[in-house]
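# Per-entry structural report
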Amino acid sequence: MRKLGLLLLLFAFAGAMQAQNIVKSLERNVPGQGKVTIHQDPRIEALLGTEHTATGEQKVLKAFGFRVQTYAGNNTRQAKTEAHNVAAKIKEFFPELPVYTPFNPPRWLCRVGDFRSIEEADAMMRKLKATGVFKEVSIVKDQINIPL
C-alpha cells in the first residue's frame, strides 16, 4: 500500500513538473516493456483539470460547473435569431458576462456565465430576473471555461 501511494505521488509530481497529467504520463512506449495506450472520454480529462484549449489568445481550463440558461427554442431560424437577440440584450445589461448561444439538438440555447458553484449562478440568476427583461431563467449544469 505504501509503495502504491509513493508511485502515485511520483506520477503526480512528474506530471506537474512536465505540465502533463497522470494519464498522459502513463501513455508511453518503453522499449522492451511494451506500450500503454489509454482510451477514454475527453470529459474525464476535463474532470481531472487537464484539458486546455485556446480561445483566441486566452487559454482556458474546461471543467464542469454551472451556467444560467436564459433562452431555449426549437431548431428553426427564428429560434436561432431569438437566441442571438437574447444574447445581445444580456450584453447590454452585463457587458462583462460571457454569453453562449449553442445549437444543442434539437434546440437553440442562450446560456450565460462560467460559474464554479451553484451559489454564484444563483446570484447571477437573481440579477437577470431583477432587470425585468429575463423572466424564464434557470440554472443548468454545463461544461464551463475557467481562464488560466
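Residues numbered from 1 in each chain as written. Predicted model: local features only at pLDDT ≥ 70, side-chain atom pairs only at ≥ 80, totals over all residues. Heavy atoms only, no water.

## Here's the deal with the overall build of the protein
Along the backbone of the protein there are five helices and eight strands. Taking all 148 residues of the protein together, the buried fraction comes to 30%. Of the roughly 10300 Å² that the protein leaves accessible, carbon and sulfur atoms contribute 56%. (Helix = DSSP H or I, 4+ residues; strand = E, 2+ residues; numbered from the N terminus. Buried < 20%, exposed > 50% of the residue type's maximum accessible area, 1.4 Å probe, protein only. Areas by Shrake-Rupley, 256 points an atom, 1.4 Å probe, with all protein chains shown as cover.)

## Observations regarding unusual backbone geometry
Leaving glycine aside, a negative phi is the common case for residues, and trans is the common case for peptide bonds. The amide bond that connects Pro105 to the next residue, Pro106, takes the cis arrangement and shows omega of 10 degrees. If you trace the backbone, Pro106 turns up in the loop between strand 6 (103–104) and strand 7 (107–115).

## With respect to helix 5 (residues 118–130)
Here helix 5 is 13 residues long and its end C-alpha atoms lie 18 Å apart, about the 18 Å a rise of 1.5 Å per residue gives. If you check which residues of helix 5 are buried, you get Ala121, Met124, Met125 and Leu128. Seen from one end, helix 5 has its buried residues packed into an arc of 105 degrees, which puts them on one side. Seen from the open side of helix 5, the exposed residues pointing more than 90 degrees away from its buried face are Glu119, Arg126 and Ala130. Following helix 5 by one or two positions, Gly132 adopts a phi angle in the positive range, close to 85 degrees. (Expected span 1.5 Å × (residues − 1). Arc of directions from axis to C-beta.)

## What about the pattern of salt bridges?
Per the stated rule, a full pass over the model turns up four salt bridges. Between Asp142 and Arg67 there is a salt bridge whose closest N-O contact spans 3.2 Å. On the criterion of sequence distance, the pair formed by Asp142 in strand 8 (residues 138–147) and Arg67 in strand 4 (residues 58–72) is long-range, its members being 75 residues apart. Judged by relative accessible area, Asp142 falls into the buried class, the value being 19%. On the accessibility criterion, Arg67 (6% relative accessible area) is buried. (Salt bridge = Lys/Arg side-chain N within 4 Å of Asp/Glu carboxyl O.)

## A look at the nonpolar core
Val68, Ile90, Leu97, Phe115, Met124 and Leu128 are the most contacted members of the largest nonpolar core, which totals 20 residues. Listed by contribution, the elements that provide at least two residues to this core are strand 4, helix 4 (77–93), strand 7 and helix 5. (Core = buried A, V, L, I, M, F, W, Y, C linked by side-chain atoms within 4.5 Å.)

## Some points on helix 4
Between its terminal C-alpha atoms helix 4 stretches 25 Å, which fits the 24 Å expected from 17 residues at 1.5 Å a residue. Residues of helix 4 that are buried include every one of Ala79, Ala83, Val86, Ala87 and Ile90, and no others. Relative to the axis of helix 4, the buried residues are bounded by an arc of 100 degrees and lie together on one face. Across from the buried face of helix 4, at angles greater than 90 degrees, the exposed residues are Arg77, Gln78 and Glu92.

## Brief notes about the packing of aromatic side chains
Scanning all chains against the criterion turns up two aromatic pairs. For the ring pair Phe103 and Trp108, a centre distance of 5.1 Å and an interplane angle of 50 degrees mean the geometry is tilted. Geometry around Tyr100 places Arg67 over its ring, the cationic atom sitting 3.7 Å from the centre. (Phe/Tyr/Trp six-rings, centres within 6.5 Å; stacked < 30°, edge-to-face > 60°. Lys NZ or Arg CZ within 6 Å of the ring centre and 35° of its normal.)

## Digging into the pairing of strand 7
The buried fraction of strand 7 amounts to seven of the nine residues, a majority that puts the element mostly inside the structure. Bridge count for strand 6 against strand 7 is two bridges, and the pairing is antiparallel. What sits directly across from Phe103, in strand 7, is Trp108. Between strand 6 and strand 7, which pair antiparallel and follow one another directly, the connecting turn spans two residues. (Pairing = 2+ DSSP bridges.)

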